[in-house]
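For reference, the chains in residue letters:
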Amino acid sequence: MPIVLTAEKISKRFLRHRNPTTTVRESLTRLLTRQANPQPATWALQDVSFTVEQGRVFGIIGHNGAGKSTLLRLLCGVGRPTSGRIMREGRVSGILELGGGFNPELTGRQNLVTAGLLSGMRQERVRDQEESIIAFAELENVIDQPVRTYSTGMYLRLAFAAAIALEPAVLVLDEVLAVGDERFQRKCLDRIGALKSSGSTLIITSHNADQIQALCDEVLVLEEGRVVMQGDAKSAVSCYHDLMRQRSEVLAVRGGKDAAATRLTFSQGKRLGTEEVQITNLVIYDNQGRRTETVATGTAITVEVGFSITEPVKDMAFTLGIFSDLHVKCSEVTIASTHDFFGQMSDSGTIRCEFGPLPLLPGTYFLNVGFYPVDWSRAFDYHWQMHPLYITGYSATYHGVSGIVALNPRCSVKT
Amino acid sequence: MSHTLELTWHLIKRDFQLRYSGSSLGILWSLAAPISQLLILVFVFRRVIPLEIEHYPLFVFTALLPWNWFSASLGAAAFAFVSSRDLLRYPNFPPELIIVVNTMTNMLIFLLGLPILLGMALSQQLSISWLVVGIVPLLLLIQAVLTTGLGFLIATANVFYRDVAQITHIVLSLLFFLTPVFYHPRLDSAYGILFTINPMSAVIQNYRKVLLDGTAPDWPSLALAFTTSLVIFLFGYWIHQRYESDIIDAI
């Protein structure tokens, strides 16, 4: 397939004028006192290169501020890269941001004509297409009202209907598929499929990694303005998840100190079960015997699970596990029969589990705990993601290590 | 090319829609400013401080119409980019079109007032010479070039320094008095140079020549005004092109 879009080592730096309230006085004072510019230049994109073939759906993922929107704007020709080149074959059209593109004071119809003319259509063709665009957007009743009266969903429907009706060679959609009701989203996705099979190329960004994986043939992962990888959707999405986890680990460590202050509440997670046996509380103690939810990597913890048996239950099974925030089971202990293990249980009490030092990397974990009948036919009471455990650590120790298990391999090279 | 024309025309219409949608008089409001200014100036300089100028209402109105075009365009130019964020977000939209459209919109308002001006001239039993047909378009062109050039400078500068809008406002109100809108300038006096170098002064004086006096325009002053306007236009366009990419980033 021929290449419709090429980005060649593009970089974008936002300069001094980013602050719109710069006044002449500030500039003059700076000039006279020979001060350096107070706002250092920031690189939104650095050395980004890729090519997009015709008829492909090309996804761009990255966390907020990774440079996705800047990149899309440059691809559309809104602004120029500081260095590098972008080559386009054919017309690029797109929805760059919600809220941009339409004038709120004008009616939907007036804005539609502007959009049509601005994407290179002749007046006559805009007239011909007008009604079908409005019909697709399902806005017949409000099309002659000012756009400021529209809801976000209506606004998006109009923008999307206009953008696809113009049959662009390359259609750019920034984060827009996430809005709108599900039925309209379905309609949009069908239309995108049709566009794709008619030879149009799509470039989309989304926070929704599943959507990216379902739609895209090829995905670019951006992080801090640089390309991390370009490849098939599946490996790109898993690469993105790795990046996200690394980031949340860093955040969890930073936020770890305050985490103990937040009280354990039953509003988070899920509680399932028929409650013949109830879990009354769950308390975590650190190796000094202090009640906590935050411990450092390698600290031994003890967990106490309070229970109360309200119906005559002779025997039961018990599980207590530590799970990562992405539901990976790190370790779980199962007691298949409390009667065999502890003997006859009284109506209420506490089960105490002493864990040794936890070899877990910094991050957020959950203690999932449950009581079941011995035949495991249902759950008496199961607490899922209700009891968080925050592991903190010194990043220097585990620098460059990611995952769940706190290993610190020593790497050397032999020659 | 004709697509650009269609787009330009559409954007001009859009400008009018944005300005006058919802008001009952609509576009007629654009004539309210020059007519009320005319009434006040005629009252002041006929009754309060009488100036001995023949056909004074016509004399003032010939200047007020082009002056209002000039000053309204530049006043709006300061916010032209800042308020057109929606247009600047379209792929490959040329920002310079916003400035051209701004000049054109205000020129249309000027043209709307022109029949009133001609009617006033006819009612004074002044014969309108055929020169008008040839000279008025030339004067329009000079003023359009000048206004667009200054528009580029002001609009671009105001994106980065919001003081520019304020400065423009003050300069325009001062320039109103330094341009012979309601008086006869003495070109041979010590301060005559002020009127000679001011292209708007030359434009206004030549409107008066062809409309009131029915004589040929003063060609040297027109040539100078045209040259000045062209230089300003090229400089403004150059500045705009240089900072175009930054404008889009900063908006």
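Residues numbered from 1 in each chain as written. Chains lettered and ligands numbered in written order. Predicted model: local features only at pLDDT ≥ 70, side-chain atom pairs only at ≥ 80, totals over all residues.

**Student:** Give a detailed account of the overall build of chain A, specifying residues and quantitative values.
**Tutor:** Within chain A, the secondary structure is distributed over nine helices and 18 strands. Expressed as a percentage of its 415 residues, the buried residues of chain A come to 36%. A sequence separation of at least 24 residues applies to 74% of the contacts in chain A between residues at least 6 apart. (Helix = DSSP H or I, 4+ residues; strand = E, 2+ residues; numbered from the N terminus. Buried ≥ 20, exposed ≤ 12 C-beta atoms within 10 Å, placed from the backbone. Contact = placed C-beta atoms within 7 Å.)

**Student:** Before we move on, could you go through the confidence of the model for chain B and cite the residues and values that matter?
**Tutor:** Residue and element names in this part refer to chain B. Chain-level pLDDT for chain B is 88 on average; 100% of the residues reach the 70-or-more range. Helix H7 (residues 163-178) holds the highest mean pLDDT among the elements of chain B, 93, whereas helix H4 (residues 85-88) holds the lowest, 84. Reported confidences for the modelled complex are a pTM of 0.68 and an ipTM of 0.82. (pLDDT = per-residue confidence, 0-100.)

**Student:** Now, about the sheet that holds strand E4 (residues 83-88) of chain A: what can you tell me, with residues and values included?
**Tutor:** Residues and elements named next belong to chain A. Across the sheet, three strands lie side by side as E2-E1-E4; this open sheet has antiparallel pairing. Because the sheet does not close on itself, it has two edges, and the strands there are strand E2 (42-53) and E4. The sheet shows a mean angle of 15 degrees between the axes of neighbouring strands, taken without regard to direction. (Pairing = 2+ DSSP bridges. Axes fitted to C-alpha atoms, helices over the stretch in contact; angles between N-to-C directions.)

**Student:** Before we move on, can you summarise the confidence of the model for chain A with the specific residues and values?
**Tutor:** Residue and element names in this part refer to chain A. Averaged over all residues, the pLDDT of chain A is 80; the fraction at 70 or higher stands at 84%. Ranking the helices and strands of chain A by mean pLDDT puts strand E13 (residues 300-309) first, with 92, and helix H8 (residues 233-259) last, with 62. Across residues 255-267, confidence stays below pLDDT 50; counting only partners more than four residues off in sequence or on other chains, it has 13 contacts.

**Student:** Describe the packing of helix H1 (residues 2-20) of chain B against helix H5 (residues 96-123) of chain B, with residues and values.
**Tutor:** Residue and element names in this part refer to chain B. One way to put it is that H1 packs onto H5 with a least axis distance of 9 Å and a crossing angle of 60 degrees. Judged by the angle between their axes, H1 and H5 are oblique. Here H1 and H5 pass one another in a crossing that is right-handed. Of H5, the residues touching H1 (which contributes Thr8, Leu11, Ile12, Asp15 and Phe16) are Leu97, Val100, Val101, Met104, Thr105 and Leu108. Considered class by class, the residues forming the contact of H1 with H5 number eight nonpolar, two polar and one charged. (Parallel < 35°, antiparallel > 145°, perpendicular 65-115°, else oblique. Left-handed = near helix turned anticlockwise from the far one by under 90°. Nonpolar A, V, L, I, M, F, W, Y, C, P; charged D, E, K, R; others polar.)

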